[in-house]
Amino acid sequence: MNKNCLTLSTVASLLVFASSAPAAVVIDNLTIGSQSSSQSLSGPTATTGFFTQLPFPDREVAFSFTTAASATYLTELVFAVSIARPSLDPIEWKISTGTTTPGGTNTRIIGSVAPASSSPTSQILTLTPSTTILLNANTTYWMHITVPTGGALYSFQNTNSQVVEPGWSLGNSWSKDPSNPWNELTSGPQARVRMSVEPIPEPSAVLLGGVGLMAFMHRRRIRKSTTSGR
């Protein structure tokens, strides 16, 4: 194998390894405060009522958050819901930017998750992004939560208190249905959610490590060449 190729391969491995940093929780509202102003999430064929099944479709939820001074990758979302109907259709999360609810600029689908069963009624669900989601520094993002298909009916849970890391902020929750525009829960409830991110290392530090490794490998080759020539 060509020694230069080996060196470049080793450096590439170092850069990939160095880019991985421990995930950090930046918003954690799962276990604090009390339940406050839950909101409906429903699919396009959802119904409500016991004896008379009334249409109750396309209920949506959104909330905003603002990042701190460093760019990160979104690695995990954990959130609380209650199950109002036994149908267990996936809950989809989208992220975007924008000045009005629910954003809509540069929209990306984070992924979908559904309860494994209808019991217990209240559950904690974990969503791992299906693709890389970069969060820029000092930027306001919108999370838009829907049930795109089926007849599932959920209650999205909020809390009357919040815990966020310094530099981060979390906005109030909003809701929407086919007959009403977006409505903010102005009394202060925030999404009962835990958000984890992965820091992005400084490029200079990663490149410095790669240059150092290349210099080390170069000196090692020279040493071997000198030794073998004796």
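Fair warning: this is a prediction, and the values are worked out from it, not measured in the lab.

The rules behind each value
- Residues numbered from 1 in each chain as written.
- Predicted model: local features only at pLDDT ≥ 70, side-chain atom pairs only at ≥ 80, totals over all residues.
- Heavy atoms only, no water.
- Helix = DSSP H or I, 4+ residues; strand = E, 2+ residues; numbered from the N terminus.
- Buried < 20%, exposed > 50% of the residue type's maximum accessible area, 1.4 Å probe, protein only.
- Contact = heavy atoms within 4.5 Å.
- Areas by Shrake-Rupley, 256 points an atom, 1.4 Å probe, with all protein chains shown as cover.
- Pairing = 2+ DSSP bridges.
- Axes fitted to C-alpha atoms, helices over the stretch in contact; angles between N-to-C directions.
- Salt bridge = Lys/Arg side-chain N within 4 Å of Asp/Glu carboxyl O.
- Core = buried A, V, L, I, M, F, W, Y, C linked by side-chain atoms within 4.5 Å.
- Lys, Arg positive; Asp, Glu negative; His and termini not counted.
- Polar contact = N/O pair within 3.5 Å; in protein donor to acceptor, adjacent residues only side chain to side chain.

**Q** Help me out: how do you make sense of the overall build of the chain in this one?
**A** Each helix and strand counted, the chain has 2 helices and 17 strands in total. Expressed as a percentage of its 230 residues, the buried residues of the chain come to 41%. Within the chain, residue pairs in contact and separated by at least 24 positions form 78% of the contacts whose partners lie at least 6 positions apart. Carbon together with sulfur atoms contributes 57% to the accessible area of the chain, which is approximately 12,100 Å² in total.

**Q** So what exactly am I meant to see when it comes to the environment of Ser-64 here?
**A** Looking at where Ser-64 falls in the secondary structure, it is placed in strand β5 (residues 60–66). Distance in space between the C-alpha atoms of Ser-64 and Asn-172 is 7.2 Å, their sequence separation being 108 residues. Discounting residues that sit within four places of it in the chain, Ser-64 has contacts with Thr-140, Tyr-141, Trp-142, Leu-170, Gly-171 and Asn-172.

**Q** How should I be thinking about the sheet that holds strand β8 (residues 105–113) in this particular structure?
**A** Sheet strands associate in pairs through backbone hydrogen bonding, adopting either a parallel or an antiparallel arrangement. A sheet is described by the order of its strands in space; here 6 strands give the open sequence β8-β7-β11-β5-β14-β15, paired in antiparallel fashion. A strand with exactly one partner marks an edge of an open sheet, and here the two such strands are β8 and β15 (180–184). The average angle at which neighbouring strand axes cross in this sheet is 20°, direction not considered. The sheet contact formed by β5 and strand β11 (residues 140–146) spans 6 bridges and is antiparallel. Residue pairing in the sheet places Thr-66 in a bridge with Thr-140 of β11.

**Q** How should the pairing of strand β7 (residues 91–97) be read in this particular structure?
**A** Two faces, one strand: in a regular strand the side chains alternate between the faces of the sheet. Buried residues dominate β7, accounting for 6 of its 7 residues. Examined bridge by bridge, β7 and β8 share 6 bridges and lie antiparallel to one another. Pairing of Glu-92 across the sheet is with Ser-112, part of β8. Two strands pair when backbone bridges link them, and β7 and β11 are joined in this way by 5 bridges, in the antiparallel orientation. Paired with Lys-94 across the bridge in β11 is His-144.

**Q** Can you help me understand the pattern of salt bridges in this one?
**A** Going through the model one piece at a time under the given rule, you end up with 2 salt bridges. The shortest N-O distance in the salt bridge between Arg-194 and Asp-28 comes to 3.1 Å. Taken together, the positions of Arg-194 in strand β17 (residues 193–199) and Asp-28 in strand β1 (residues 24–28) put the pair 166 residues apart, joining distant regions of the chain. The salt bridge involving Lys-94 is made with Glu-92; its shortest N-O contact spans 3.9 Å. Lys-94 sits in the partly exposed class, given a relative accessible area of 28%.

**Q** I tried to follow the nonpolar core on my own but got confused; where do I start?
**A** A general trend in soluble globular proteins is that nonpolar side chains are found buried together. In terms of nonpolar packing, the biggest core is built from 34 residues, with Phe-65, Ile-91, Trp-93, Met-143 and Phe-156 touching the most fellow members. Counting residues per element, this core draws most heavily on strand β6 (residues 72–83), at 5 residues. When neighbours within four sequence positions are excluded, Phe-65 is seen to be in contact with Ile-27, Ile-95, Leu-135, Thr-139, Thr-140, Tyr-141, Met-143, Trp-168, Ser-169, Leu-170 and Met-195.

**Q** I tried to follow the side chain of Asp-177 on my own but got confused; where do I start?
**A** Along the chain, Asp-177 falls in strand β14 (residues 169–177). Look at Asp-177: it is buried, it has no salt bridge, and the nearest opposite charge is Arg-59 at 4.3 Å. Of note is the side chain of Asp-177, whose polar atom sits 2.7 Å from the backbone nitrogen of Ser-179. Within the structure, Asp-177 has its side chain in polar contact with the backbone nitrogen of Asn-180 (distance 2.9 Å).

So far we have only geometry, and geometry alone does not tell us how the molecule works.
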